[in-house]
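Here is how the chains run, residue by residue.
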Amino acid sequence: MSAIELYARKTAGFEERLAHAVQVLRDAAERHPGAIVQSTSLGAEDMVVTDLIARHALPIAIATLDTGKLHAETLALIPAIEARYGRTVEVFRPVDADVIHFVRENGDDAMYRSVALRKACCAMRKLEPLARMLAGRSAWVTGLRREQSNQRGAVPFSECDDQGRAKINPLADWSWADVWHYIATHQVPHNPLHDQFMPSIGCAPCTRAIAVGEDFRSGRWWWEDESAKECGLHVSQSSDVSQGNAGPSQVSLTPAGGGLGTSQPWGHPDLGASHP
Ligand code: SF4
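Criteria and thresholds
Residues numbered from 1 in each chain as written. Predicted model: local features only at pLDDT ≥ 70, side-chain atom pairs only at ≥ 80, totals over all residues. Axes fitted to C-alpha atoms, helices over the stretch in contact; angles between N-to-C directions. Helix = DSSP H or I, 4+ residues; strand = E, 2+ residues; numbered from the N terminus. Parallel < 35°, antiparallel > 145°, perpendicular 65-115°, else oblique. Left-handed = near helix turned anticlockwise from the far one by under 90°. Contact = placed C-beta atoms within 7 Å. Nonpolar A, V, L, I, M, F, W, Y, C, P; charged D, E, K, R; others polar. Near = placed C-beta within 6 Å. Pairing = 2+ DSSP bridges. Buried ≥ 20, exposed ≤ 12 C-beta atoms within 10 Å, placed from the backbone.

## Concerning the packing of helix H6 (residues 96-106) against helix H7 (residues 115-134)
And step 1. Viewed as axis vectors pointing N to C, H6 and H7 meet at an angle of 165°, and their least axial separation amounts to 10 Å. As far as their axial angle goes, H7 and H6 are roughly antiparallel. Remark: the crossing between H6 and H7 carries left-handed chirality. Each of Asp98, Val99, Phe102 and Asn106 in H6 lies in contact with H7, whose residues at this interface are Leu117, Cys121 and Met124.
And step 2. Tallied by class, the residues present in the contact of H6 with H7 amount to 5 nonpolar, 1 polar and 1 charged.

Structure, rendered in structure tokens:
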């Protein structure tokens with residue numbers, strides 16, 4: 001069964017939630033002219049947001065992170081968006097030297113060995129490029145929904161991140177059925193991996209299909225304790241990078257061997273996106 005067949009369902013209040021999401025985006029675009037970006041993970045929710053931005057001709061830039069570990073199916077959505085909507089997708093990648101050094105020091109499968117190493121990998125491949133994406137911008141748009149996890153259960157439509165930027169979550173009150181109803185109705189391009197029981201798609205080594213009845217995010221970092229399952233993109237510094245099974249001394253990130261700790265050259269990690 002496809003994801004649309006499995007999940008798409010129109011439920012009471014959908015039209016109101018849709019109209020509200022558009023209004024949230026429109027208001028944000030007006031408040032941050034030329035300084036607002038959608039940080040898309042290319043997941044189902046973010047594809048809906050991109051469609052809304054394009055459909056309503058909203059002046060919001062579209063950008064994504066290519067961590068170097070994404071599935072080919074995920075990367076294929078970048079040209080698909082550009083072809084469908086005529087909008088450029090800005091792509092931000094990790095620094096080559098950092099990746100080479102990290103892999104040389106910690107191995108290509110470091111993420112499985114400790115939470116600290118996994119978060120160091122996320123910091124290098126996601127947080128640092130995200131900081132560059134958001135530099136000079138005062139607002140960013142995500143596809144976060146309250147339903148996605150307990151940690152996201154109180155996501156507001158608009159909030160202020162730790163850098164003072166506006167963080168806009170237009171789909172905060174949408175259900176998974178809403179997302180797929182919208183995708184089905186508007187034939188929004190989406191990742192075919194969603195049709196293979198991967199509702200939440202991140203980097204290939206850190207994503208697997210889920211079984212019927214499992215939590216949607218259980219296919220992410222499945223070897224970790226539930227409380228650790230964020231990449232730092234949506235978690236404040238005090239509850240994120242300092243967590244882990246291994247100490248900072250076990251993590252080597254920068255060519256200078258500075259480790260992770262609290263000395264990331266790009267500053268505070270709580271800059272995140274809907275990037276899974
Ligand atoms: S999700 Fe996995 S591969 Fe991707 S940046 Fe995080 S640890 Fe690295």
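So, next bit.
## Examining the site of the ligand
And step 1. With respect to spatial proximity, 13 residues lie near the ligand, and among them Cys121, Cys122, Arg125, Cys203 and Cys206 are the closest.
And step 2. The class makeup of the residues in the shell around the ligand is 7 nonpolar, 2 polar and 4 charged.

## Here we look at the packing of helix H3 (residues 44-55) against helix H8 (residues 176-186)
And step 1. At a minimum axis separation of 10 Å, H3 and H8 run at an interaxial angle of 50°. With respect to each other, H3 and H8 are oriented oblique. Classified by chirality, the crossing of H8 by H3 is left-handed. For the pair H3 and H8, contact is made by Ala44, Glu45, Met47, Val48 and Asp51 and by Val179, Trp180, Tyr182, Ile183 and His186, respectively.
And step 2. Across the contact of H3 with H8, the residue classes tally to 7 nonpolar, 1 polar and 2 charged.

## Comments concerning the sheet that holds strand S4 (residues 139-141)
And step 1. The strand order S3-S2-S1-S4-S6-S5 describes an open sheet built from 6 strands, whose pairing is mixed. Each end of this open sheet is capped by a strand with a single partner; those strands are strand S3 (89-92) and strand S5 (158-160). Pairwise comparison of adjacent strand axes, ignoring direction, gives a mean angle of 30° for this sheet.
And step 2. Set on the sheet, H3 makes contact with strand S1 (36-40), strand S2 (61-65) and S4; between it and S1 the angle comes to about 145°.

## Side note on the pairing of S1
And step 1. With 5 of 5 residues buried, S1 is to be regarded as a mostly interior element.
And step 2. Burial along S1 is two-sided: the residues Ile36, Gln38 and Thr40 and Val37 and Ser39 are all buried.
And step 3. Sheet analysis places S1 next to S4, joined by 3 bridges and oriented parallel. Paired with Ile36 across the two strands is Ala139, which belongs to S4.
And step 4. Pairing geometry for S1 and S2, over 4 bridges, is parallel. Its bridge partner being in S2, Thr40 is matched across the sheet by Thr64.

## Quick word on unusual backbone geometry
Glycine aside, residues mostly have negative phi, and peptide bonds are mostly found in the trans state.
And step 1. The residue Gln187 is not glycine, and still its phi comes out positive at about 50°.
And step 2. Tracing the backbone shows Gln187 in the segment after H8.
And step 3. Owing to 10 C-beta atoms within 10 Å, Gln187 belongs among the exposed residues under this scheme.
And step 4. The phi torsion at Phe197 lies on the positive side, around 60°, for a residue other than glycine.
And step 5. By secondary structure assignment, the location of Phe197 is in the segment after H8.
And step 6. You can call Phe197 partly exposed: it has 16 C-beta atoms within 10 Å.

The analysis is restricted to geometry; functional conclusions fall outside its scope.
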